[in-house]
Amino acid sequence: MSSPRDAPRKGMQLSWADPKFRAIIWQIVILGIIGGTIWYLVANTSANLAQRRIATGFEFMGRTAGIPIGEHLIAYDPSINTYGRAFVIGILNTLQVTIIGVVLVTLLGTFVGIASLSGNWLLSRLCRTYVEIMRDIPLLLHLLFWYTMVLGLPILREAIEVLPGVHISNNGVKVPLLDWQPAHSWASLAFIVGLVLVGIARRRATRIQNATGDRPKVWPLAIAALILVPAIIWLGFGAPFHMDIPVKGRFRFEGGGAVSGEMIALLIGLVLYHSAYAAEIVRSGITSVVSGQWEAAGALGLHRPTVLRKIVLPQALRVIIPPMTSTYLGVAKNSSLAVAIGYPDLVAIVNTMLNQTGQAIEGIALIMGVYLTISLTISLFMNWYNARMALVER
Amino acid sequence: MSATVNHIPMPARAEPKLLSLGPLEWARTNLFGSIWSSLVTLALGYFMLKFAVGFIDWALIKSVWTVQSDAAGKLDPTACRIVKGEGACWAVIWDKYRFILFGRYPYDEQWRGAIVIALFLALFVVSAMRRFWRKELAYIWIATLTTIGVLMWGGVFGLVYVPQDLWGGLPITLILSTFGLAFAFPLAVLVALGRRSTTLPAVKFICVVYIELIRGVPLISLLFMASVMFPLFMPVGLNPDKLLRAQVAIILFAAAYLAEVVRGGLQSLPKGQYEAADALGLTYWQKMGQIILPQALRTVIPPLVNTFIGFFKDTSLVLIIGIFDLLTSGKVALAEPIWQAYSTEVYLMLALIYFCFCFAMARYSRGLERELGRSVRR
């Protein structure tokens, strides 16, 4: 491997003139300083904990929580359930807001980003103004403002019925909910299986098209797998269909599903703020595709929407994905601001937990651990997606 | 390169005629280009007009600007209550603007807060001018920040001493973000250099862990850490005040993000610069200080400004741990019973203040990017 002209390899010399030796000394010194600082902080902390008689450890997670939580995706009763379960509810609430937020941010951001490049002067100006205003206002101010707006809605007793069964009040939105039966579960399962089958069929069709030029028809299978089979299953169970419609009582609604005002305010704030960033990312991604691509596709006789969908966006995605990842991470992390308006997300619940138990270190370690996991998962997924979309060069 | 190319004198070409469109022609191409475009224009135009008319009606025409005081000298918000829902009540701003801007800072000393705001603005303007981009700028920063500290605290030169827990409002927002930047920046440069280090793997590892750890968690968790865990870290009995703890958290947070920006600048430099410096026999610090950093930092000023805009907005999060920044003082002003119903007006004013700062910085950063890009492309 080494050419004959290589300098002879020297062993390390214990002298300041040897860069390798210097590097080792420097690292020892720096690690020593950092280690010493950490040791000092840990020593202080344990002295403080001993003085305040705070026990360490996670035993408190098994104790009864006693925290009332307004929204929970899994059953929860503060007088029975433990801190551990409250913690899980916090994670689920955070994930719920993050996932809905990311989807809405992507949709709104893509729309505004594309619209800001529109040939219509009014539309593009409006979109750019939207971006400029939304992202120059702190997210927390967004949240406080939208929460006041939600609280300014009519009180529960005078709730507005915007659609049949959908009531809006300062308490949130009440929606009709389908009374879920086994038939619906089986039909949904059949639908998902159908989706997978159609996906496989489409890939096969593309393969055959690439090989022979003829594309076998996929749509008959799609209709059968996505509509007919689930419908037959549903009918086979006797076609149960009963909507649980919220009925206005004296002080509260009976039945139906509910979305709380806090969650609505949080979602509006998060989506408005982050969609402005997403729109900028989409816009700069599209402008990064050279205009020759538009012209070439136009010369082939494709319509502008088709060009955008089939030619420009796939190329723009390579520029869009990395910054979009940090926007998604931002949505996940900023959902923690929910604590300011009282939505019971992870941070809000853990914050109550650590105020009640005094277990500050454990509480903050839990918050950080969960967010690190979420952040890493999102980055890993987006890296995988990015690798899939990346230009494969010969 | 251009010196080696033989220039063939080109015959001067006639400048193409400027296509000047009349307003009608302009509208036809930009607003009514197709059926869909026309429909969008009409629909948008209708809604925007309706919104604008409604807003002007609410904010200017039906609004109340001042309210009367009753016999006891108390403000009487009846005038506002009458127009509630139809007109804005700007009287709340008129009554509370000094509290919103300066918080609980002693009323007679609030001119000091005003000077501090002016000093910050001057500092930003001076830093924005390219002719001041030299080492001396650091001294200007140190001098200004010291003056600001003296003005806020007082206790010398005949100024009344004002304890830190009385500070509030816009000065706090500016202090948290600007001091955050001033202290985070040197740390960020060190961390970025550490992450790029090839000879010190242990240091590189620590820098990577630090950056990824901080960037992976929300600022709020760091602020909680500062407010509940920091006291545990200190020797028994020593308890630094809340503002300082929040400031430390913001510095640590900012440094991780700035380090990534600086790293981008370090990576954008061509390798030849490093090799040339090595070939001259410069030591590591000479190479970085004289050759690499001056060029790298110049290229990252636009993203640096964008990051700073982010911190400026993020300082509002200190509301959650109860520090009296601009947003908190706005919220506290609203706690007064007579003004409770007029939060929209106060939030609009706060939004306007934040918007002015962020918009100005964003415009500056974009202009700079274009200008720097031009000189690089040349």
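Residues numbered from 1 in each chain as written. Chains lettered and ligands numbered in written order. Predicted model: local features only at pLDDT ≥ 70, side-chain atom pairs only at ≥ 80, totals over all residues. Heavy atoms only, no water.

Enquirer: Even after reading the chapter, I still don't get the pattern of salt bridges, so can you show me in this structure?
Expert: A side chain with one charge can pair with a side chain of the opposite charge if their charged atoms come near. All names here are of chain B. Tallied over the entire structure, the rule returns 7 salt bridges over all chains. Asp278 serves as the salt-bridge partner of Lys287, at 3.2 Å between the closest nitrogen and oxygen. Lys287 sits in the buried class, given a relative accessible area of 10%. Put simply, Arg195, Glu212, Glu260 and Arg263 are held in one network by salt bridges that share partners. (Salt bridge = Lys/Arg side-chain N within 4 Å of Asp/Glu carboxyl O. Buried < 20%, exposed > 50% of the residue type's maximum accessible area, 1.4 Å probe, protein only.)

Enquirer: Quick question: what am I supposed to make of the sheet that holds strand β8 (residues 257-260) of chain A here?
Expert: In a beta sheet, neighbouring strands pair by backbone hydrogen bonds and run either parallel or antiparallel. Residue and element names in this part refer to chain A. Strand order in this open sheet of 4 strands is β1-β2-β3-β8, and the pairing throughout is antiparallel. Because the sheet does not close on itself, it has two edges, and the strands there are β1 (160-163) and β8. Strand-to-strand twist across the sheet, computed as the mean angle between neighbouring axes with direction ignored, equals 25°. The pairing of strand β3 (residues 172-175) with β8 spans 4 bridges and is classified as antiparallel. Bridge pairing in β8 places Gly172 opposite Ser260. On top of the sheet, helix α7 (residues 261-288) reaches β3 and β8; it is set at about 55° to β8, its chief contact. (Pairing = 2+ DSSP bridges. Helix = DSSP H or I, 4+ residues; strand = E, 2+ residues; numbered from the N terminus. Axes fitted to C-alpha atoms, helices over the stretch in contact; angles between N-to-C directions. Contact = heavy atoms within 4.5 Å.)

Enquirer: Would you mind going over the confidence of the model for chain B with me for this structure?
Expert: A low pLDDT score tells you not to read the predicted coordinates there in detail. All names here are of chain B. Mean pLDDT over chain B works out to 82, with 90% of the residues at or above the 70 mark. Per-residue pLDDT, averaged within each element of chain B, yields its smallest value for helix α3 (residues 78-83) (73) and its largest for helix α7 (residues 170-196) (89). Overall fold confidence for the complex sits at a pTM of 0.83, while the interface term, ipTM, reaches 0.83. (pLDDT = per-residue confidence, 0-100.)

Enquirer: How should the pairing of β1(A) be read in this particular structure?
Expert: On a regular strand, each side chain points to the face opposite its neighbour's, so the side chains alternate between the two faces of the sheet. Residues and elements named next belong to chain A. Here 3 bridges tie β1 to strand β2 (residues 166-169), and the two strands are oriented antiparallel to one another. Opposite Leu163, over in β2, you have Val166 as the bridge partner. Where β1 hands over to β2, the hairpin turn is made up of 2 residues, of which Gly165 adopts a positive phi near 90°.

Enquirer: So what exactly am I meant to see when it comes to the interface of chain A and chain B here?
Expert: In many reports, interface size means the accessible area that the parts give up when they come together. Taken residue by residue, the interface counts 51 residues in chain A and 52 residues in chain B. With both sides pooled, the region where chain A packs onto chain B buries about 4,600 Å², and carbon together with sulfur makes up 76% of that total. Notably, a salt bridge pairs A:Glu132 with B:Arg366, separated by 3.3 Å at the nearest N-O pair. Where chain A packs against chain B, one counts 11 residue pairs in polar contact (both at pLDDT 80 or more). Looking at the side of chain A that touches chain B, the elements with two or more residues in it are α1 (19-52), α3 (121-135), α4 (139-151), α7, α10 (346-357) and α11 (360-389) of chain A. Per element, the largest residue contribution to the side of chain A that touches chain B is 15 residues, and it comes from α1(A). Here the side of chain A that touches chain B is built from residues that sort into 35 nonpolar, 11 polar and 5 charged. (Buried area = accessible area lost by both parts, 1.4 Å probe. Polar contact = N/O pair within 3.5 Å; in protein donor to acceptor, adjacent residues only side chain to side chain. Nonpolar A, V, L, I, M, F, W, Y, C, P; charged D, E, K, R; others polar.)

Enquirer: Can you walk me through the packing of α7(B) against helix α8 (residues 201-216) of chain B in this structure?
Expert: Each pair of packed helices can be described by the angle between their axes along with the distance between the axes. Residues and elements named next belong to chain B. Where α7 contacts α8, the axes come no closer than 7 Å and their chain directions differ by 125°. Here α7 lies oblique to α8, going by the angle between them. Classified by chirality, the crossing of α8 by α7 is left-handed. Touching Leu187, Val191, Gly194 and Arg195 of α7 are Val203, Lys204, Cys207, Val208, Tyr210, Ile211 and Glu212, all from α8. (Parallel < 35°, antiparallel > 145°, perpendicular 65-115°, else oblique. Left-handed = near helix turned anticlockwise from the far one by under 90°.)

Enquirer: Please clarify how the environment of A:Leu126 should be interpreted in this entry.
Expert: Looking at the secondary structure, you find A:Leu126 in helix α3. For the pair A:Leu126 and A:Phe87, spaced 39 residues apart in the sequence, the C-alpha separation amounts to 42 Å.

Enquirer: What's the story with a positive patch on the surface in this structure? I'm lost.
Expert: Residue and element names in this part refer to chain A. Residues Arg202, Arg215, Arg309 and Lys310 make up a contiguous surface patch of positive charge. For Arg309, the position within the fold is in helix α9 (residues 304-334). Accessibility expressed as a relative area gives 56% for Arg309, which makes it exposed. (Patch = residues over 30% accessible without salt bridge, like charges linked within 9 Å, V, L, I, M, F, W, Y side chains within 5 Å. Areas by Shrake-Rupley, 256 points an atom, 1.4 Å probe, with all protein chains shown as cover. Lys, Arg positive; Asp, Glu negative; His and termini not counted. Charge placed at Lys NZ, Arg CZ, Asp CG, Glu CD.)

Enquirer: I would appreciate a short explanation of the domain arrangement of chain A in the present structure.
Expert: Residues and elements named next belong to chain A. Domain annotation for chain A reports domain 1 (83-179 + 242-389) and domain 2 (180-241). The straight-line distance from the C-alpha centre of domain 1 to that of domain 2 is 30 Å. With 4 residues of domain 1 in contact, the opposing surface of domain 2 contributes 5 residues. Taking both partners together, domain 1 and domain 2 bury about 420 Å²; carbon and sulfur atoms supply 57% of that area. It is Leu178, Asp179 and His242 in domain 1 that bury the most area against domain 2; as a group they hold 88% of the surface buried on that side. Run the count over domain 1 and domain 2 and you get 0 salt bridges. Taken together, domain 1 and domain 2 are joined by 0 residue pairs in polar contact (both at pLDDT 80 or more). Looking at side-chain class alone, the side of domain 1 that touches domain 2 contains 2 nonpolar, 1 polar and 1 charged residues. (Domains from an automatic or database assignment.)

Enquirer: Any chance you could explain a nonpolar patch on the surface here in plain terms?
Expert: Residue and element names in this part refer to chain A. A cluster of nonpolar side chains, namely Trp186, Leu189, Phe191, Ile192, Val193, Leu195, Val196, Leu197, Ile200, Leu221 and Phe237, defines an oily patch on the protein surface of about 1,000 Å² accessible area. Per element, the largest residue contribution to the nonpolar patch is 9 residues, and it comes from helix α5 (residues 182-212). Mapped onto the fold, Phe191 is located in helix α5.

Enquirer: Is there a simple way to think about the packing of aromatic side chains in this case?
Expert: Aromatic ring pairs are described here by two measures, namely the spacing of the ring centres and the angle between the planes. All names here are of chain B. Under the counting rule described, the total for this entry stands at 18 aromatic pairs over all chains. Taking the centre distance of 6.5 Å and the plane angle of 20° together, the rings of Phe179 and Phe183 count as stacked. On the criterion of helical spacing, the pair formed by Phe179 and Phe183 is a turn pair, its members being 4 residues apart in helix α7. Taking the relative accessible area as the measure of exposure, Phe179 reaches 17% and is therefore buried. (Phe/Tyr/Trp six-rings, centres within 6.5 Å; stacked < 30°, edge-to-face > 60°.)

Enquirer: So what exactly am I meant to see when it comes to empty space enclosed by the protein here?
Expert: Sizing a probe to match a water molecule and rolling it over the atoms shows the empty space that remains. Per the counting criterion, the structure on display carries 2 cavities of 30 Å³ or more. In this structure, the largest cavity encloses a volume near 50 Å³. Taken together, A:Leu49, A:Ile54, A:Ala55, A:Thr56, A:Gly358, A:Gln359, A:Ala360, A:Ile361, A:Glu362 and B:Leu232 make up the full set of residues lining the largest cavity. For the lining of the largest cavity, the element with the highest residue contribution is α11(A), accounting for 3 residues. For the lining of the largest cavity, the residue count by class is 6 nonpolar, 3 polar and 1 charged. Empty space within the second largest cavity amounts to approximately 30 Å³. Together, B:Leu219, B:Ile250, B:Phe253, B:Phe311, B:Asp314 and B:Thr315 line the second largest cavity. Elements with a contribution of two residues or more to the lining of the second largest cavity: α10 (242-268) and α13 (301-314) of chain B. (1 Å grid on protein atoms, 1.4 Å probe; cavity = no way out; pocket = protein on both sides within 12 Å on 5 of 7 lines; lining within 4 Å. Points joined across faces, edges and corners; volume = space filled by probe spheres on them.)

Enquirer: Would you mind going over the nonpolar core with me for this structure?
Expert: Across soluble globular proteins, nonpolar side chains show a tendency to be buried alongside one another. Counting residues in hydrophobic clusters, the biggest one holds 183 residues, and the most contacted among them are A:Met353, B:Phe120, B:Leu223 and B:Leu266. With 14 residues, the single largest contributor to this core is α10(B). Membership of the second largest hydrophobic core comes to 14 residues, among which are A:Leu123, A:Val131, B:Leu31 and B:Leu44. (Core = buried A, V, L, I, M, F, W, Y, C linked by side-chain atoms within 4.5 Å.)

Enquirer: Please explain the packing of α1(A) against α8(B) as it appears in this structure.
Expert: Two numbers describe how α1(A) lies on α8(B): the axes approach to 8 Å, and their chain directions differ by 35°. Contact residues: α1(A) offers A:Gln27, A:Ile30, A:Leu31 and A:Ile34, while α8(B) offers B:Pro201, B:Ala202, B:Val203 and B:Ile206. Its residues assigned to classes, the contact of α1(A) with α8(B) comprises 7 nonpolar, 1 polar and no charged.

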